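Topology and contacts: notes
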Amino acid sequence: MNKAFIFFYFSMALTALFLPLQNSDAAQCSSLQSIPAQPFHGVWLIRDPDAQRITAHLVVHAGEADNPGTEGLAHYVEHLAWLNTGAQDQSNYDSHSNAWTSAIATGYWLNSSAENLEEILHKLMLVLSPLVVDEQIMLEERNIILREHDYRLGNNPLSRYAEAFFARLHTHDPRGRSIIGKPEVIRTFSLDEARQLHANSHCIDNATLLIVGNLTARQLRRALKSATGDIQSCHVKPSPLHYQMTEKGLNESVTLTDKQTVQHRLFFGTTVQIPNPIDPHALEAQLQLLKAVLNSTLPGSLARPLRFDAHIANSYELQMSALDRQHLMLNFFATPDMGISLEKLLERFEAELSAIAAAGIPKQTFERIQMRMLRDLSRVSDPLASSLQHSLQLIAARTEPQTHDQYIAQIETVTLEQVNQLIMALAGDGHRVTKFITPQE
């Protein structure tokens, strides 16, 4: 599936935001509207007056973390549900490019001309219907997944290391489960178990629909009435995300040597609990601002001492996300500069992070980065496309979507004190996992 690695740790980057939105026909000019449409968990319309086509996204609020059975089965169910729509092209691993699976959600999408709205909605609803695909085709689908596994993991050692790394980081939370599963397990996927998981998860009241196109709320309601007539509620509602924290103060470290690796690499991650729950909308904005500060070259950043002043890291990627309203995750993936060991790289990273947390981010740095973010967001060339991307992430995180303008307004409300509280938490006690990866001599 053409998930651009979305099936892997899509949920790791997902954070939840919330702001009230208009939901009436009177708000036709709004770019994002909530459409009352029982028994869906939610229906949202992004109205684009210039759109020539309609795109429909259906997000089921269940992923691998909600699968109580065989690891990787949620991804198999995604394949089977998509086959249920009649998409039975077995020619290559990419035949499911209109579907994806994460730890906490499963998604399907279709695009067509506006006059085919009812048709694509009806087709999407088939993923919620009982599986009627020929059993032999369903069994053969396991071979498609094996080929996908080879493409995503088998030929990519860093992806395998990432999977094992997140499994250790989320030891006590099901979000550490493998999305795709292991080959020896994929070969044994049971149709009965898959049917049961599909029936328990792919319910209309456990799904949210997001439509993008030049149509009105009234047109969408009329099309939905026709497309969902035979779909019955099964009384399954999305459960709020709740992260199961591993013991604080637990530090794990492992060194791996691999002949397929040509560079020394550091994988570092920590999960922490903050004192009080924070509104998901506000928490996302605060994390994004903090990340921008740390990646800048201004005083109070990580990039300045690690890359531009002392040449400690040759390259790095910093990730920060909310796992729920009270738990955060920070990941630092890096390669050392010439003459710097992996151990020294980790030591300097942790020391710089602790120093920033102790001193606090300089006010001038915070204000400059906040102004820069607001300027860049205001210059986005396609706000509707930005709203779509952002809204899909939020819906998958089991919360209400948000427009581009609402996100800008949220960034404006972030304070220096809030950002400093977050970095103090991220630099404090948590569950830390470190993986040193070295080439084989």
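Residues numbered from 1 in each chain as written. Predicted model: local features only at pLDDT ≥ 70, side-chain atom pairs only at ≥ 80, totals over all residues. Heavy atoms only, no water.

Once that is clear, we can look at the sheet that holds strand 7 (residues 251-258). Strands sit in the order 7-11-8-10-9 across an open sheet of five strands; the sheet is mixed. Lying at the two open borders of the sheet, with one neighbouring strand each, are strand 7 and strand 9 (313-322). When strand polarity is set aside, the average angle formed by the axes of neighbouring strands in this sheet is 10°. Where strand 9 lies against strand 10 (residues 327-336), nine bridges are found, and the strand directions are antiparallel. (Pairing = 2+ DSSP bridges. Helix = DSSP H or I, 4+ residues; strand = E, 2+ residues; numbered from the N terminus. Axes fitted to C-alpha atoms, helices over the stretch in contact; angles between N-to-C directions.)

A word on the environment of Ala-99. Structurally, the position occupied by Ala-99 is in strand 4 (residues 99-101). On the basis of relative accessibility, which here comes to 2%, the residue Ala-99 falls in the buried class. In sequence terms Ala-99 and Trp-82 are 17 residues apart; their C-alpha atoms lie 7.2 Å from each other. (Buried < 20%, exposed > 50% of the residue type's maximum accessible area, 1.4 Å probe, protein only.)

Attention now goes to the sheet that holds strand 6 (residues 207-213). Here we have six strands laid out as an open sheet, ordered 1-2-6-3-5-4, and mixed in their pairing. Here the strands that pair on one side only, and so sit at the sheet edges, are strand 1 (33-34) and strand 4. Contacts from helix 2 (residues 73-83) reach strand 4 and strand 5 (106-113) within the one sheet, and its direction differs from that of strand 5 by about 25°. (Contact = heavy atoms within 4.5 Å.)

Let us now look at the pattern of salt bridges. All chains considered together, the criterion is met by twelve salt bridges. For Asp-173, the salt bridge goes to Arg-175, with nearest N and O atoms at 3.0 Å. Residue Asp-173 shares its accessibility class with Arg-175, and that shared class is buried. Note that Arg-304 and Asp-309 form a salt bridge whose closest N and O atoms lie 3.6 Å from each other. (Salt bridge = Lys/Arg side-chain N within 4 Å of Asp/Glu carboxyl O.)

Next up on the list: the side chain of Gln-326. Tracing the sequence through the fold places Gln-326 in the loop between strand 9 and strand 10. Those residues within four positions of Gln-326 in sequence are excluded, and the remaining contacts are Val-272, Gln-273, Ile-274, Pro-275, Asn-276 and Pro-277.

The subject of this paragraph is unusual backbone geometry. In this structure, the amide linkage connecting Gln-38 to the following residue, Pro-39, adopts the cis form with an omega of 5°. The phi angle at His-235 is positive, at roughly 60°, despite the residue not being glycine. Here His-235 shows up in the loop between helix 8 (217-227) and strand 7.

So, about the packing of helix 11 (residues 342-359) against helix 15 (residues 416-426). Between two packed helices, the angle of one axis relative to the other and the distance separating the axes together describe the packing. Orientation of helix 11 relative to helix 15, taken along the N-to-C sense of each, is 140°, at an axis distance of 9 Å. It follows from the interaxial angle that helix 11 and helix 15 lie oblique. In the crossing of helix 11 with helix 15, the sense of the turn from one axis to the other is left-handed. Packed against helix 11, whose contacting residues are Leu-353, Ile-356 and Ala-357, the element helix 15 presents Ile-423, Met-424 and Leu-426 at the interface. (Parallel < 35°, antiparallel > 145°, perpendicular 65-115°, else oblique. Left-handed = near helix turned anticlockwise from the far one by under 90°.)

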